[in-house]
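Next come the chains, spelled out residue by residue.
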Amino acid sequence: MEKESEKSGTKRRYSRISSIIWAMKRLWKLDRSFVFFIFASVPTAVVLPLVTAYFPRVLLDHLGAGKTFSELAIISVGFLSAIGLLSLLKDFIESRCQARRYYPTAVYQSEMDAFENYRTDFENTEKQEFRKSSGYAQQDACTGNCAMEFVWGDLSQMLIHLFGIVTYASLLLTLNPVIFAVVTAVSAASYFLTRWQPKYYDKHKSNWEKEIRKRDYLQGLSDDFPRAKDIKLYGLSDWLEKMMRDYQNYILRWNKRCSLRGVLASVIAALLAVLQNGTAHLVLIAALLEGGLTVGEFVFYFSLVGEIARFLQGIIGDIAGLNTRADKIAYYRVFFDYPNRFNHGPGCALPAAPVAVEFRDVWYRYDGAKEDTLKGLSLTIREGEKLALVGMNGAGKTTLVKLLCGLYAPQRGEILVGGRRLEEYNIEEYYSLLSVVFQEIRTLAFTVFEFVASADLSRPAAREDAVLAMRKADIYEKVMSLPNGMDTHLMKGIYDDGVDFSGGELQKLVLARAIYKDGSLLILDEPTAALDPIAENNLYMKYQELTEGKTSVYISHRFASTRFCDRIVLLEDGVIRESGSHDELMRQGGRYAQMFEVQSKYYRNEAVEKGGNL
Amino acid sequence: MKRFAVTGRAFRRVHSYNPVYFPLSFLKIIFQQISPYFNLWMSAEIVTALYEGRERADLYQLVAVTLAGNAVVQIAGALLGRAARTASESLKNNEAAAFYQKTLSLDYEKIENPEVRKLRRKIIENSWINSYGVNLMGDMLESLFTNLVDLVFSAALFAEMILFLTRVPFRWLGVLLLLAMAGLTAADIVLRGRNMKKVSTYWDGVTEVLLEENRISPGYSVAGTDNRIYRQQTIIDRVYEKSNRAHRDAFSRAYAKIFVLMLPVNGLIVLSKLCSYLAVCFYCILGAFPAGSIIKYVGYLGRLTGSIGNIFYALNSLKTNEHYLKPYLEYFDIANDMYQGSLAVEKRSDKEFEIEFRDVSFRYPESVTNNDAGNVQEEAAEDAGSGAAGSAEVYAAEDAGSGIAGSAEVYAAEDAGSGIAGGAEVYAAEDAGSSAAGSAEAHTAQDRGQWALRNISIQLKAGERLAVVGMNGSGKTTFIKLLCRLYDPTEGEILMNDFNIRKYDYRQYLDLFSVVFQDYNLLAVPLGNNISSDASWDTGKAEQLLEEVGFGERYRKMERGLNTPLYKNFDEDGVNVSGGEAQKIALARALYRDAPFIILDEPTAALDPIAEAEIYSRFDEIVGDKTAIYISHRLSSCRFCDKIAVFDCGRIVQVGTHEELLAEIGGKYYELWNAQAQYYA
């Protein structure tokens, strides 16, 4: 029930009324005619059933009174044209509402995505709390019937039901208050009966929610072709299928239990209906026999009972629904309030290239981790220095890079670039200083040009610069061989001209992107992992040229790279263990020397014993 | 009924998933349909009794029958409904299992084939967008049955009415009114049939937009890091702004056009209703039946004409839906054409298996699922939206016009939006678990028609260690795929112990190999299952292997040990592992199998030098007496292999030991080696 308590926390932050008004204002700004049509539906929704019920009454009474055919014909034409016109109006309004209902959700969803992927601190997006908040906002305010633009629909429904009750009750009450009382009681009871199964479901869903995730994962393997390969190769298929079957059956058993409540509720509701309709019949028959009612009126009032029961159940649902809606809107608002550590407002002026960097006693711990990843790291990178960063997996190299990039903020200590703390800059402006090649490469369905030049599309010589960058990264020829050159889309299967690049080609492409951006801080994290030896060597040879006038950090497991950097820093267990030039560190004979030795022994020309044991 | 051959096949398939669902659902429909007739009938009885001024007791009896009848029908409906829902869930489960079995039984060639993948995705897409395909088929069959039941009931009661009419003197006016009603109904059916085609073209625009959104959304699943540093959001905003607006405009246009189109249809419905009222009133005055029956007969007439129209509509939708059923059937029709072999693989404890490639050449197949698959795609895309979604609207509009309640259909379209969101999630989840980056060089060589391998001849002795080196795209991975019989050679043959490998029993042959491909994938199930590739595992063996591959330290930090699920998409409490860690687990998985051949494709790409060195130094111990093939860009690995094969542009250009090859100054190996070794001099 952790989720529930957390959720109730968000309720307190925004009152229900304020959330409802907030959502109404937003939709009003986004699409006024949608709001207009939603409200236009109220009068027809109240009047149409009334007219429809009144028609047989008039007809029956006239027939009973022995009116002629032509009189009945006139009545029929009159009523049916009224019903026809009202239905037409209703259709028109409904059609307009339908047409407009998707757009707001799409816009809200896009805003959420943009916030998450771009506007908020990157660090937030990796926090469990933020992810949860995003999940609630997404599920509760941006999907299907939960979408928050329906707040107007809720209100119009409420108005329909309210007007309906007032109109119909005034008609019914003049006849007999007993019927009204019974209908009200039965409607209320029926409403709560319909809530029985959903409530039981909510109360017990923790019993199968996790299993649903597992079942869906296993079922989804039928669409996961890359994984299907491994499953086949290792002969896992039967076992996984058995597991899928077990989860399916487990969930099915629970669903049966839930639906049992639904069936019981339906049975009770059927009996309550007997009570309601029985009373109505008895009272109306009595009234008719006493002479206070015509046959037509009998039929009319009987259909009123049905309608009013619908409205009564409706209004109870509306009140509950509006409360839930308000809570859901609050999740959406709370999501956008997630606090940032970096400065997204005006900041101080950016330093001129090349910049100096200083880490002062920096501590960093990942969200939910038990241990610090960086433990009081201090490091100075001089202006224009070429730094090589080495260390074991998990030593904290990538964390250090993300801190330097302003993607993470340290819990303790500070990072200075150009003599100022990162928090003093506007963080988006700060990003413009950076040219980074991350270890993980994500392609998008951009054109090659867009992919390379996205950082600065409006630069006057953008295309020329992109060509230059691609040449430097050794990928220009490949790009030119594509059907539409650098206007070819990346990723197969999205656009018709889409192409998939191989791992090595992608690595060159992201390098081109970093070169195009021409930031004063160049950071390369394992930029050659997927390159063959020749391509790798080409990059090493160009490194001098690429880092001209920049401060650079090069991270690699391949120690060859440390030979063309000014200084090597060895990171171990979250702190800097060794620092110096290659020769200095080799002389020291410490960790670096050991690691270099381990890697280089295979490349030296003396014979290596079989099995690699020196 | 040849016209509905596709529906017939699909129905038989779906029906076989759960043979009780459709019977139950049809039974439920019969109960549902009784209710309105019963109520119309009973209310006529009561009203007539009131007119006739019958006894109170008589009236009460009628009321009691009405109430009891309704209660029985409602309760029976609820019970049947629950049984049908359970059956439907089990049907869905079995359907999912059928897809799972099908995908997992496909040949590798098919699994890697983009067309097959597209076909599967198409089926999923169809079901997102307004439930085309088997879902819609089920709905339409039920609607057809509902209306047939309606037709039977209302026709029977109409016959009763006609019987009454024959008892009164013949009047032209009455007959004309009835004929006019019939004529208007016929016109309405014809008009609706015509409109359906138009409506479907209106919906084409919408479906196109929805499909487009579905198609592009995986293309814009951005990394938060890249996005912030490289401002990709500007482009993404533009794309989504455009797509959101296109979405809105397409819906707005379609709804407006449909509204206008439906105006005459609605007019006809009102007129036909008017005729039915007039006819019934006319004959009532004539004395054919009591006044209490008017509502009853008008109601029957409405249902009679309505059900005829709806039957045509359901048949039409079934027909249009056949387009969307085709990919579904097609997928199950994909035939495996790889020869399965029958020769038993000798169980040799000495692992004396020798392999020989004899002048092998290979080209990736052009397109594996015949051209039909591709055609279906195009056809489907072309006709996207015809019928189904559109028709749902016709249905809705019609209901509204006739003033009858049941507007459930209106909401059919509403889910479309959330379907898209769902789709995006599916993609996201897919990415989440995927392990190492390296998306393989396979694609580069896969360009159609080019030789991926040409004239490969090489021998591999038992217990030998072979290093395979070469530039990106030189055919190294393809070589492995042929060896493991993921593909068969286009030319030449591969022999094991002097028999063509095609002759061996396929599964047994596969079991000879432990492979870690560059694009390996772990499953999100517990670590132990990943390593043992089975329901249970030998804890001692698994732990020892994890230690050997250098995962020991991390393993000891896992509180649930081998029961720890990997990643989060199977179990929320799963543990995320880094690329390097995943690589170690994959290695342990390969070793656990203890197969005579072990093949490692870039197994240390994500490892640090110490971890890499550990694997190198333990390589002999790890591999034991197995035959090993080691592919790497790190040429250092060649030092502990007996033999090196250098690949270049699909050919083997050099074979020999490290010393031999290095002596060939100016050779490819010399070039590759020095590119790396110079930095370690």
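Values in this document were obtained by computation on a predicted structure and should not be read as measured data. (Residues numbered from 1 in each chain as written. Chains lettered and ligands numbered in written order. Predicted model: local features only at pLDDT ≥ 70, side-chain atom pairs only at ≥ 80, totals over all residues. Heavy atoms only, no water.)

## Brief notes about the overall build of chain A
Along the backbone of chain A there are 23 helices and ten strands. For 614 residues, the compact-globule formula gives about 25 Å, and the C-alpha radius of gyration of chain A, at 35 Å, lies well above that figure. Each principal axis of the C-alpha atoms in chain A carries an extent, and together these give about 120 × 55 × 50 Å. Total accessible area computed for chain A in this model is approximately 25000 Å², and 55% of it derives from carbon and sulfur atoms. Here chain A holds 74 positive side-chain charges and 74 negative ones, and the gap between their average locations is 5 Å. (Helix = DSSP H or I, 4+ residues; strand = E, 2+ residues; numbered from the N terminus. Rg over C-alpha atoms; globule rule 2.2 N^0.38 Å. Areas by Shrake-Rupley, 256 points an atom, 1.4 Å probe, with all protein chains shown as cover. Lys, Arg positive; Asp, Glu negative; His and termini not counted. Charge placed at Lys NZ, Arg CZ, Asp CG, Glu CD.)

## Considerations on the side chain of B:Arg485
Residue and element names in this part refer to chain B. Structurally, the position occupied by Arg485 is in the loop between α15 (476-483) and β4 (491-496). A polar atom in the side chain of Arg485 sits 2.9 Å from the side chain of Asp488. Ignoring anything within four residues of it in the chain, the contact list for Arg485 reads Met338, Tyr339, Gln340, Ile501, Arg502, Tyr504, Tyr506 and Tyr509. (Polar contact = N/O pair within 3.5 Å; in protein donor to acceptor, adjacent residues only side chain to side chain. Contact = heavy atoms within 4.5 Å.)

## Some remarks on the interface of chain B and chain A
Counting from both sides, the interface comprises 169 residues of chain B and, opposite them, 165 residues of chain A. When chain B packs against chain A, close to 15400 Å² is buried across both sides, 62% of that on carbon and sulfur atoms. Of all residues in chain B, B:Arg228, B:Tyr230 and B:Tyr680 bury the most surface against chain A, accounting for 7% of the area lost on that side. Inspection of the chain B/chain A interface yields twelve salt bridges. Here A:Glu450 and B:Arg238 are joined by a salt bridge, their closest N and O atoms 3.3 Å apart. Counting across the chain B and chain A interface gives 59 residue pairs in polar contact (both at pLDDT 80 or more). By residue class, the composition of the side of chain B that touches chain A is 89 nonpolar, 39 polar and 41 charged. (Buried area = accessible area lost by both parts, 1.4 Å probe. Salt bridge = Lys/Arg side-chain N within 4 Å of Asp/Glu carboxyl O. Nonpolar A, V, L, I, M, F, W, Y, C, P; charged D, E, K, R; others polar.)

## A short note on the confidence of the model for chain B
All names here are of chain B. On average, residues of chain B carry a pLDDT of 83, and 87% of them reach 70 or more. In this model, residues 367-448 is a region of pLDDT below 50 whose contacts with residues beyond four sequence positions or in other chains number 163 contacts. Here the prediction assigns the complex a pTM of 0.81, and the interface score ipTM is 0.85. (pLDDT = per-residue confidence, 0-100.)

## Brief notes about the pairing of β4(B)
Residue and element names in this part refer to chain B. The pairing of strand β1 (residues 355-363) with β4 spans five bridges and is antiparallel. Directly across from Ser361, in β4, lies its bridge partner Glu491. One ladder, built from two bridges, connects β4 with strand β5 (residues 499-500); its direction is antiparallel. Its bridge partner lying in β5, Met496 is registered against Phe499. Hairpin remark: β4 followed by β5, antiparallel, with two residues in the connecting loop; positive phi at Asn497, about 45°. (Pairing = 2+ DSSP bridges.)

## So, helix α15 (residues 397-404) of chain A
Residues and elements named next belong to chain A. For α15, the buried fraction is high: seven of the eight residues fall into the buried class. Among the residues of α15, those classed as buried are Lys397, Thr399, Leu400, Val401, Lys402, Leu403 and Leu404. At the C-terminal side of α15, Gly406 shows a positive phi close to 70°. (Buried < 20%, exposed > 50% of the residue type's maximum accessible area, 1.4 Å probe, protein only.)

## Notes on the pattern of salt bridges
Under the definition given, this model contains 68 salt bridges over all chains. Between B:Arg634 and A:Glu536 there is a salt bridge, and its shortest N-O distance comes to 3.9 Å. Placement of B:Arg634 in the loop between β8 (627-631) and β9 (643-648) and of A:Glu536 in helix α21 (residues 533-546) is noted, with the two residues assigned to different chains. A relative accessible area of 3% means that B:Arg634 is categorised as buried. Here B:Arg507 makes a salt bridge to B:Asp511, at a shortest N to O gap of 3.0 Å.

## Focus on the sheet that holds β4(B)
All names here are of chain B. Here four strands make up an open sheet; going across it, the order is β2-β1-β4-β5 and the pairing antiparallel. Across the chains shown, the open sheet's two edge strands, defined by having one partner strand only, are β2 (451-460) and β5. Packing of α15 onto the sheet brings it into contact with β1, β2 and β4, and relative to β1 it is tilted by some 120°. (Axes fitted to C-alpha atoms, helices over the stretch in contact; angles between N-to-C directions.)

## Here's the deal with the confidence of the model for chain A
All names here are of chain A. This prediction gives chain A a mean pLDDT of 89; 96% of its residues lie at or above 70. Scored below 50 in pLDDT, residues 1-6 makes five contacts in the model with residues more than four places away or belonging to other chains. Within the model, the stretch residues 609-614 combines pLDDT values under 50 with eleven contacts to residues more than four positions away or in other chains.

## Some words on a nonpolar patch on the surface
Residue and element names in this part refer to chain A. On the surface, Trp196, Leu260, Leu264 and Ile268 cluster together to form a nonpolar patch covering roughly 340 Å² of accessible area. When residues of the nonpolar patch are assigned to their parent elements, the largest contribution, three residues, is made by helix α13 (residues 237-289). With respect to the element layout, Trp196 can be found in helix α10 (residues 196-204). Judged by its relative accessible area of 34%, Trp196 is partly exposed. (Patch = residues over 30% accessible without salt bridge, like charges linked within 9 Å, V, L, I, M, F, W, Y side chains within 5 Å.)

## Some details on the sheet that holds strand β10 (residues 651-656) of chain B
Residues and elements named next belong to chain B. Read across the sheet, six strands follow the order β6-β7-β8-β3-β9-β10 without closing on themselves; strand pairing throughout is mixed. Either end of the sheet is taken by a strand with one partner, and the two such strands are β6 (513-516) and β10. Each strand axis lies, on average, 15° off the axis of its neighbour in the sheet, ignoring direction. Against the sheet, helix α20 (residues 579-592) engages β6 and β7 (597-601), with an angle of about 175° to β6.

## What about the packing of helix α2 (residues 16-30) of chain A against helix α3 (residues 32-64) of chain A?
All names here are of chain A. Where α2 meets α3, the axes come as close as 5 Å, and the angle between the chain directions of the two elements is 115°. For the element pair α2 / α3, the angle class is roughly perpendicular. The residues of α3 that touch α2, namely those facing Leu27, Trp28 and Leu30, are Arg32, Phe34 and Val35. Looking at the contact of α2 with α3, its residues break down into five nonpolar, no polar and one charged. (Parallel < 35°, antiparallel > 145°, perpendicular 65-115°, else oblique.)

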